[in-house]
Amino acid sequence: MYRMLIYMNNNQSRPKWKLKDYGLRSTPGFVYQQPSALRGRTDVASVTSWLAPIVWEGTFDPTLIDFMYKKQNLTIATTVFALGKYTRFLKDFLESAEQHYFVGFRVQYYLFTDHPEVVPVVKMRENHHLTVRKVPSMNRWQDISMGRMDILEKLIENELAGEADYIFCLDVDTQFYGRWSVESLGRLVGVIHPWFFEAPRHLFTYERRPESLAYIPEGEGDYYFTGAAFGGSLEDVLHLTKTCREQLNIDTANSIEAVWHEESHLNKYFLYNKPSKLLSPEYLWRNINAGSSQIKTIRFSHVAKNNAEVRPNP
Ligand code: UD2
């Protein structure tokens, strides 16, 4: 095991854990395709201007990367919320996750719902476990979506130290269609929104009112990230969720709600706290039937839904 947890209980104001990374190791005799310093994807960018990788099909070797991460004995915490009528998405979400999501690695799902009695029984792979948590119902879908930051912050702070190495937070009105695994791991991970990956930044739907703490001025911005999937190390995602939760609360106290709710605050956070790894829209596509020449494989996608029918309010 190359990743060690060091507890720092003597100082209460600091996180109780610290990840010590001894790097990714291969083994003599393990054979895989030679990586090229010259050839690679030329139709998409696979690195940001601050040198963070952008993960697309063809930018990593699944055999090699699985082999190296297997040695680290990792646990991936994964959160999903299903309140009100969104429980109908759970069966396809969980069944497809069990086919494609971190196969061969330890996964601990945390499902937050106001209707635990309707959670479907889905056969889990070895080392994959589901914990169901009851949360109160809410009247506004915007409050459900934004309230996730508060619940995630508490989960990481109070329960996950020593239980998981990384965390991903995913929307439930989604389905997996292809591999999503260790190539996605990083300290702070954002997913490029499937509607905006080709757009100039003046078209991004950032919050543009200076009264909101999610405000991003014209002329700034790197990418537009989805609120439907993000993740990273416990320490980094704790800082992200805590910051977004605090800023959402201040906005509420000032009677302003950012245009895309917690997604707007997430985009503000990622602009000034650069993600260490970006996932291409393969990792959150808009519709399984929509095509795009750059998308060679769809790994995870929103499913079609009738907002007026599934949401508790317009
Ligand atoms: C967009 C974002 C979403 C979030 C939301 C907030 C994308 C592609 N999607 O999605 O991530 O930022 O805007 O503005 O960027 N939920 C329930 N019950 C409800 C309503 C919501 O459980 O009645 C949960 C559920 O996990 C759902 C999530 O909240 O997946 C986000 O809500 P949404 O999917 O309706 O929001 P949407 O599709 O507009």
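Notes on the structure in this doc start here. (Residues numbered from 1 in each chain as written. Predicted model: local features only at pLDDT ≥ 70, side-chain atom pairs only at ≥ 80, totals over all residues. Heavy atoms only, no water.)

Side note on the pairing of strand β5 (residues 106-113)
Turning to step 1, where the next piece is worked out: Where burial is concerned, most of β5 is hidden: seven out of the eight residues are buried.
Turning to step 2, where the next piece is worked out: The pairing of strand β4 (residues 75-82) with β5 spans eight bridges and is parallel. The residue bridging A82 from the neighbouring strand is T113, located in β5.
Turning to step 3, where the next piece is worked out: Where the polypeptide runs from β4 across helix α2 (residues 90-100) and back to β5, its parallel neighbour, the crossover connection is right-handed.
Turning to step 4, where the next piece is worked out: The sheet contact formed by β5 and strand β6 (residues 128-134) spans seven bridges and is parallel. Note that in β6 the partner of Q108 across the bridge is H129. (Buried < 20%, exposed > 50% of the residue type's maximum accessible area, 1.4 Å probe, protein only. Helix = DSSP H or I, 4+ residues; strand = E, 2+ residues; numbered from the N terminus. Pairing = 2+ DSSP bridges. Right-handed = clockwise from strand over helix to strand, strands pointing away.)

So, helix α3 (residues 141-160)
Turning to step 1, where the next piece is worked out: Given a rise of 1.5 Å per residue, 20 residues ought to cover 28 Å, and the 27 Å separating the end C-alpha atoms of α3 matches this to within 8%.
Turning to step 2, where the next piece is worked out: Turning to α3, its buried residues number three or more, namely W141, Q142, I144, S145, M146, R148, M149, L152, E153, L155, I156 and L160.
Turning to step 3, where the next piece is worked out: Directly beyond the C-terminal end of α3, a positive phi value near 80 degrees is found at G162. (Expected span 1.5 Å × (residues − 1).)

So, the site of the ligand
Turning to step 1, where the next piece is worked out: Among the 24 residues in the neighbourhood of the ligand, the closest are listed as F81, Y86, H261, E263 and R311.
Turning to step 2, where the next piece is worked out: Contact distances for the ligand include 2.6 Å between an oxygen atom and a backbone N or O atom of F81.
Turning to step 3, where the next piece is worked out: E262 has a polar side-chain atom sitting 2.9 Å from an oxygen atom of the ligand.
Turning to step 4, where the next piece is worked out: Considered on its own, the ligand offers 720 Å² of accessible surface; in the complex 94% of this is hidden by protein.
Turning to step 5, where the next piece is worked out: When contributions to the shell around the ligand are tallied by element, the ones reaching two or more residues are β4, α3, β10 (225-233) and α5 (261-272). (Near = heavy atom within 4 Å. Polar contact = N/O pair within 3.5 Å; in protein donor to acceptor, adjacent residues only side chain to side chain. Areas by Shrake-Rupley, 256 points an atom, 1.4 Å probe, with all protein chains shown as cover.)

Some thoughts on the pattern of salt bridges
Turning to step 1, where the next piece is worked out: Per the counting criterion, the structure on display carries 22 salt bridges.
Turning to step 2, where the next piece is worked out: Note that R140 and E257 form a salt bridge whose closest N and O atoms lie 3.0 Å from each other. You can see R140 sitting in the loop between β6 and α3 and its partner E257 sitting in the loop between α4 (234-253) and α5, a full 117 residues away along the chain.
Turning to step 3, where the next piece is worked out: For R140, a relative accessible area of 29% translates into the label partly exposed.
Turning to step 4, where the next piece is worked out: What makes E257 partly exposed here is its relative accessible area of 31%.
Turning to step 5, where the next piece is worked out: Two residues, R179 and E183, come together in a salt bridge whose shortest N-O distance is 2.8 Å.
Turning to step 6, where the next piece is worked out: Look at the salt bridges and you will find they share partners, linking R41, D43 and K296 into a network. (Salt bridge = Lys/Arg side-chain N within 4 Å of Asp/Glu carboxyl O.)

Quick word on unusual backbone geometry
Turning to step 1, where the next piece is worked out: Located in the positive-phi region is L51, a residue other than glycine, with phi close to 65 degrees.
Turning to step 2, where the next piece is worked out: Locating L51 in the fold gives a position in the loop between β2 (19-21) and β3 (54-55).
Turning to step 3, where the next piece is worked out: Phi at H261 takes a positive value of approximately 55 degrees, unusual for a residue other than glycine.

Looking at the sheet that holds β5
Turning to step 1, where the next piece is worked out: With mixed pairing, eight strands are arranged side by side in an open sheet as β3-β11-β9-β10-β7-β4-β5-β6. Every other strand in the sheet has two partners, leaving β3 and β6 as the edge strands with one partner each.
Turning to step 2, where the next piece is worked out: Here strand β9 (residues 188-192) pairs with β10 via four bridges, running antiparallel. Its bridge partner lying in β10, L188 is registered against G232.
Turning to step 3, where the next piece is worked out: Sheet strands in contact with α4 are β7 (166-170), β9 and β10, and its direction is about 140 degrees off that of β10.
Turning to step 4, where the next piece is worked out: Lying over the sheet, α5 contacts β9 and β10, oriented at roughly 50 degrees with respect to β10. (Contact = heavy atoms within 4.5 Å. Axes fitted to C-alpha atoms, helices over the stretch in contact; angles between N-to-C directions.)

What to know about the environment of E246
Turning to step 1, where the next piece is worked out: The residue E246 is located in helix α4 in this model.
Turning to step 2, where the next piece is worked out: Classification of E246 by relative accessible area gives partly exposed; the value is 35%.
Turning to step 3, where the next piece is worked out: Along the sequence, E246 and Y269 sit 23 residues apart, while their C-alpha atoms lie 12 Å from each other.

A word on the nonpolar core
Turning to step 1, where the next piece is worked out: Judged by nonpolar contacts, the single largest core of 39 residues is most densely connected at Y101, F102, F168, L170, W180 and L185.
Turning to step 2, where the next piece is worked out: Counting residues per element, the ones that place at least two in this core are α1 (62-70), β4, α2, β5, β7, β9 and β10.
Turning to step 3, where the next piece is worked out: With four residues, α2 is the largest single contributor of residues to this core.
Turning to step 4, where the next piece is worked out: The residues touching L185, leaving out its near neighbours within four places in the chain, are Y69, L74, I76, F102, Y166, F168 and K277.
Turning to step 5, where the next piece is worked out: Of all hydrophobic cores here, the second largest spans 37 residues; its members include F81, A164, I192 and F225. (Core = buried A, V, L, I, M, F, W, Y, C linked by side-chain atoms within 4.5 Å.)

Some details on the packing of α3 against α4
Turning to step 1, where the next piece is worked out: Contact geometry of α3 with α4 gives a least axis separation of 8 Å together with a crossing angle of 140 degrees. Looking at the two axes, α3 sits oblique to α4. Considering only the axes of α3 and α4, their crossing is left-handed. In this structure, α3 contributes M146, M149, D150, L152, E153, I156, E157 and L160 to the contact, and α4 contributes L234, V237, L238, L240, T241, K242, C244, R245 and L248.
Turning to step 2, where the next piece is worked out: Of the residues in the contact of α3 with α4, the class split is eleven nonpolar, one polar and five charged. (Parallel < 35°, antiparallel > 145°, perpendicular 65-115°, else oblique. Left-handed = near helix turned anticlockwise from the far one by under 90°. Nonpolar A, V, L, I, M, F, W, Y, C, P; charged D, E, K, R; others polar.)

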